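# Inside the fold
Each chain, letter by letter, is given below.
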There are 2 protein chains.
Amino acid sequence: MTDLWPDVRPEAARRLMAAAVAAFGERGYHATTTRDIATAAGMSPAALYVHFPSKAAVLSAISRSGHERALSMVTAAASGPGDAAARMRVLVAEFVAWHARRHQVARIVQYELNALPQPDYDAVVALRRETDSVVRALIEEGVETGVFTTPDVRAASRAVLSLGIDVARWYTPAAKPDPETLGAEYAGLVLAMLGAA
Amino acid sequence: MTDLWPDVRPEAARRLMAAAVAAFGERGYHATTTRDIATAAGMSPAALYVHFPSKAAVLSAISRSGHERALSMVTAAASGPGDAAARMRVLVAEFVAWHARRHQVARIVQYELNALPQPDYDAVVALRRETDSVVRALIEEGVETGVFTTPDVRAASRAVLSLGIDVARWYTPAAKPDPETLGAEYAGLVLAMLGAA
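Residues numbered from 1 in each chain as written. Chains lettered and ligands numbered in written order. Predicted model: local features only at pLDDT ≥ 70, side-chain atom pairs only at ≥ 80, totals over all residues. Heavy atoms only, no water.

Per the secondary structure count, chain A includes nine helices and zero strands. Listing every helix and strand of chain A by position from the N terminus yields α-α-α-α-α-α-α-α-α. In terms of C-alpha radius of gyration, chain A reaches 18 Å, essentially the compact-globule figure of 16 Å for 197 residues. Along the three orthogonal principal directions, the C-alpha set of chain A runs to about 60 × 35 × 25 Å. The buried share of chain A, taken over its 197 residues, is 53%. Of the contacts made within chain A by residues no fewer than 6 positions apart, 67% connect residues no fewer than 24 positions apart. Working note: accessible area of chain A is about 8500 Å², and carbon and sulfur atoms make up 54% of it. (Helix = DSSP H or I, 4+ residues; strand = E, 2+ residues; numbered from the N terminus. Rg over C-alpha atoms; globule rule 2.2 N^0.38 Å. Buried < 20%, exposed > 50% of the residue type's maximum accessible area, 1.4 Å probe, protein only. Contact = heavy atoms within 4.5 Å. Areas by Shrake-Rupley, 256 points an atom, 1.4 Å probe, with all protein chains shown as cover.)

Turning our attention to the packing of helix α5 (residues 84-101) of chain A against helix α8 (residues 153-170) of chain A. All names here are of chain A. Two elements in contact, α5 and α8, have axes separated by 7 Å at closest approach and are oriented at 25 degrees. By the angle class used here, α5 and α8 are roughly parallel. Crossing hand, α5 versus α8: right-handed. Listed contacts from α8 to M88, V92, F95, V96, H99 and A100 of α5 are V160, L161, G164, I165, V167 and A168. (Axes fitted to C-alpha atoms, helices over the stretch in contact; angles between N-to-C directions. Parallel < 35°, antiparallel > 145°, perpendicular 65-115°, else oblique. Left-handed = near helix turned anticlockwise from the far one by under 90°.)

In the numbering adopted here, UniProt assigns the feature "domain: HTH tetR-type" (unreviewed entry) to residues 10-70 of chain A. The span residues 10-70 of chain A is 77% helix and 0% strand, and its two end C-alpha atoms sit 23 Å from each other. (UniProt positions renumbered as here; feature names shortened; annotations may be inferred.)

Mapped onto this numbering, the UniProt entry gives "DNA-binding region" (unreviewed entry) at residues 33-52 of chain A. A helix fraction of 70% and a strand fraction of 0% characterise residues 33-52 of chain A, whose end C-alpha atoms lie 13 Å from each other.

What follows is about the packing of α8 of chain A against helix α8 (residues 153-170) of chain B. Each pair of packed helices can be described by the angle between their axes along with the distance between the axes. Relative orientation of the contacting elements α8 of chain A and α8 of chain B amounts to 90 degrees, with a least axis distance of 8 Å. Classified by the angle between their axes, α8 of chain A and α8 of chain B sit roughly perpendicular to one another. Touching R158, A159, S162, L163, I165, D166, R169 and W170 of chain A of α8 of chain A are R158, A159, S162, L163, I165, D166, R169 and W170 of chain B, all from α8 of chain B. Here the residues of the contact of α8 of chain A with α8 of chain B are counted per class, giving eight nonpolar, two polar and six charged. (Nonpolar A, V, L, I, M, F, W, Y, C, P; charged D, E, K, R; others polar.)

What follows deals with helix α9 (residues 179-193) of chain A. Given a rise of 1.5 Å per residue, 15 residues ought to cover 21 Å, and the 21 Å separating the end C-alpha atoms of α9 of chain A matches this to within 8%. For α9 of chain A, the complete set of buried residues consists of P179, L182, G183, Y186, A187, L189, V190, L191 and M193 of chain A. Buried residues in α9 of chain A make contact with α5 and α8 of chain A together with α8 and α9 (179-193) of chain B. With a side-chain oxygen lying 3.1 Å from the backbone nitrogen of E180 of chain A, the N-terminal cap of α9 of chain A falls on D178 of chain A. Once α9 of chain A ends, the next one or two residues include G195 of chain A, with phi positive near 75 degrees. (Expected span 1.5 Å × (residues − 1). Polar contact = N/O pair within 3.5 Å; in protein donor to acceptor, adjacent residues only side chain to side chain.)

Chain A puts 28 residues into the contact, and the matching count from chain B is 28 residues. Both sides together, the interface formed by chain A and chain B hides about 2200 Å², and carbon and sulfur atoms give 60% of it. By the criterion of area lost to chain B, the three top residues of chain A are R158, R169 and L189 of chain A, representing 26% of everything that side buries. The interface formed by chain A and chain B holds two salt bridges in total. R158 of chain B serves as the salt-bridge partner of E185 of chain A, at 3.9 Å between the closest nitrogen and oxygen. The tally of links from chain A across to chain B stands at two residue pairs in polar contact (both at pLDDT 80 or more). (Buried area = accessible area lost by both parts, 1.4 Å probe. Salt bridge = Lys/Arg side-chain N within 4 Å of Asp/Glu carboxyl O.)

As a further point, take the side chain of S63 of chain A. Tracing the chain through its elements places S63 of chain A in helix α4 (residues 55-78). Excluding its chain neighbours within four sequence positions, the residues that come into contact with S63 of chain A are V109, L113, L116 and V124 of chain A.

The subject of this paragraph is the relation of the copies chain A and chain B. With an RMSD of 0.0 Å, chain A superimposes on chain B once it is rotated by 180 degrees and translated 0.0 Å along the axis. In symmetry terms, the pair is related by a two-fold rotation axis. Scanning chain A for the C-alpha nearest the rotation axis identifies M193 of chain A, at a separation of 1.9 Å. Of the interface residues in chain A, 100% have counterparts in chain B that sit at the interface too, so the contact is made through matching surfaces. (Least-squares fit on C-alpha atoms with pLDDT ≥ 70 in both.)

This brings us to the packing of aromatic side chains. Tallied over the entire structure, the rule returns five aromatic pairs over all chains. Taking the centre distance of 4.1 Å and the plane angle of 20 degrees together, the rings of Y111 of chain A and Y111 of chain B count as stacked. Remark: Y111 of chain B occurs in helix α6 (residues 103-111) and Y111 of chain A occurs in helix α6 (residues 103-111); the pair is interchain, linking two chains. Overall, Y111 of chain B belongs to the partly exposed group, its relative accessible area being 25%. A cation over an aromatic ring shows up here: K55 of chain A above the ring of Y29 of chain A, its NZ or CZ 4.3 Å from the ring centre. (Phe/Tyr/Trp six-rings, centres within 6.5 Å; stacked < 30°, edge-to-face > 60°. Lys NZ or Arg CZ within 6 Å of the ring centre and 35° of its normal.)

And the structure:
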């Protein structure tokens, strides 16, 4: 799982983040101690503090990186080639596949928002707003160019993101279909929902 | 919140369930103690044990009742008047509005499945399967009668339930729109998704 954060240095910090994702997922954030995280990463609690000042700081690093990844994925898809429908198809397929493949991280990122310290919470809320507005702008463009016919852009963009995010709740490695197939299926459902021809 | 469980007797048990929903929502299930629940309900820990043998038993009571409510709501809507589209409209509107109005309970019910003791977990999984199959049968009926055109009934029924369930994650009392308006909006989106005329 440490390959999730290629930009995080040194490797010990990455290992701590991966151990925290597993521990938070198993016991919940509140019931996990910094000792649990350090032990799972094969380190002493003191060694954890070299990299993160607190348990909340580990959560913040995981959450900010997850939200940055989602925003850059959505932005790249929305500014790709083709009409609004073609770009929405790529956007949903990738967003859904990512939430399936990285469901453990995505659960932490989604369900522990309220445990973030205020400055990190504010930063994450800003990233979420930006992600929302990219999706909304793409649907608006589709409606304006006659590619989509949905009457309520706001509700539709909320539903598109919600469908992708909720995949992290129910997806398990044993689940059928695989992340890519699921992404393609959901992309088809979303295009129908938006009234694409 | 005690009006959520009109069938639970005596009133003290209802009060404990309501206190548990608030405590689990705030701290997470694992970090909540039976003492936290009893205190929030204005009772002693010993008094809690009169009604529930354990913290897990309180969670089970909340979860089973929530899943039973969802199944009976979905079953009633699916067997109501009108064609498959009319019934699906009612089903989604009610399912979505319920997840918005009761988002605190719904979060516990959805996110703490793995904390249930085995027999309760099995019972809840059976209730979820039945709910899934009611929705799937309604979509199948709609496809057979030419009311829906969705090519993948399995993916579509998963998406319909997922959209409703995820409302509990993001809905807050301050959120616009109100539960009934949201239900109506989502019903329209789902009918489009299923390819209803």
